[in-house]
Amino acid sequence: NKGTSRCIEDHHTLMLGWTDKSLAIIQGIALANKSEGGGVIVVLAEVDKQEMEDTLLSALQMSEHPLELHGTEVIFRSGNPLME
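Residues numbered from 1 in each chain as written. Predicted model: local features only at pLDDT ≥ 70, side-chain atom pairs only at ≥ 80, totals over all residues. Heavy atoms only, no water.

Enquirer: I would appreciate a short explanation of the nonpolar core in the present structure.
Expert: Formed by 16 residues in total, the largest nonpolar core has its most connected members in Trp18, Ile26, Ile41, Val43, Met52, Val74 and Phe76. Secondary structure elements with two or more residues in this core: α1 (22–33), β2 (40–45), α2 (49–60) and β3 (73–78). When neighbours within four sequence positions are excluded, Ile26 is seen to be in contact with Met15, Trp18, Ile41, Val43, Leu69 and Val74. (Core = buried A, V, L, I, M, F, W, Y, C linked by side-chain atoms within 4.5 Å. Buried < 20%, exposed > 50% of the residue type's maximum accessible area, 1.4 Å probe, protein only. Helix = DSSP H or I, 4+ residues; strand = E, 2+ residues; numbered from the N terminus. Contact = heavy atoms within 4.5 Å.)

See the structure below:
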């Protein structure tokens, strides 16, 4: 099942859930990680992995005010944060 495999990361930021505010939160965390050369954000939400990836990709490719990750990697996993 896509997006349900284990995620082996350390020194990362874990974001639980996906809402219309998630991209702004990702951008804020990425900006905070900029001085460290980037970081890793792991998103666990009850939303399809591909849908979250597509939303992020669209935001990165916007012609005006694109989302900037400043070297931060974003990893998506689908699942219930309360049940995993």
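Enquirer: Could you clarify how one ought to interpret the packing of aromatic side chains in this entry?
Expert: Centre distance and the angle of the planes are the two values used to describe a pair of aromatic rings. Tallied over the entire structure, the rule returns one aromatic pair. Here Trp18 and Phe76 contribute two aromatic rings whose centre-to-centre distance is 5.6 Å and whose plane-to-plane angle is 80 degrees, an arrangement assigned as edge-to-face. On the criterion of sequence distance, the pair formed by Trp18 in the loop between β1 (13–16) and α1 and Phe76 in strand β3 is long-range, its members being 58 residues apart. The buried category is assigned to Phe76, whose relative accessible area is 2%. (Phe/Tyr/Trp six-rings, centres within 6.5 Å; stacked < 30°, edge-to-face > 60°.)

Enquirer: Explain the environment of Glu68 to me, please; I cannot follow it from the model alone.
Expert: Note that Glu68 resides in the loop between α2 and β3. On the accessibility criterion, Glu68 (43% relative accessible area) is partly exposed. Separated by 40 residues in the primary sequence, Glu68 and Gly28 place their C-alpha atoms 9.5 Å from one another. When neighbours within four sequence positions are excluded, Glu68 is seen to be in contact with Gln27 and Ala30.

Enquirer: I keep staring at the sheet that holds β1 and nothing clicks. Help me out?
Expert: The pairing of strands in a sheet happens through backbone hydrogen bonds and is either parallel or antiparallel. As summarised here, the arrangement of the three strands in space is β1-β2-β3, forming an open sheet in which the pairing is parallel. Pairing within the sheet leaves two strands with one partner each, and these edge strands are β1 and β3. Across the sheet, the mean angle separating the axes of adjacent strands is 20 degrees when strand polarity is ignored. Bridge analysis of β2 against β3 gives six bridges, and the strand direction is parallel. Opposite Ile41, over in β3, you have Val74 as the bridge partner. The sheet contacts of α1 involve β1, β2 and β3, and relative to β2 the element is tilted by about 160 degrees. Packing of α2 onto the sheet brings it into contact with β2 and β3, and relative to β3 it is tilted by some 155 degrees. (Pairing = 2+ DSSP bridges. Axes fitted to C-alpha atoms, helices over the stretch in contact; angles between N-to-C directions.)

This is a description of form; function is not addressed.
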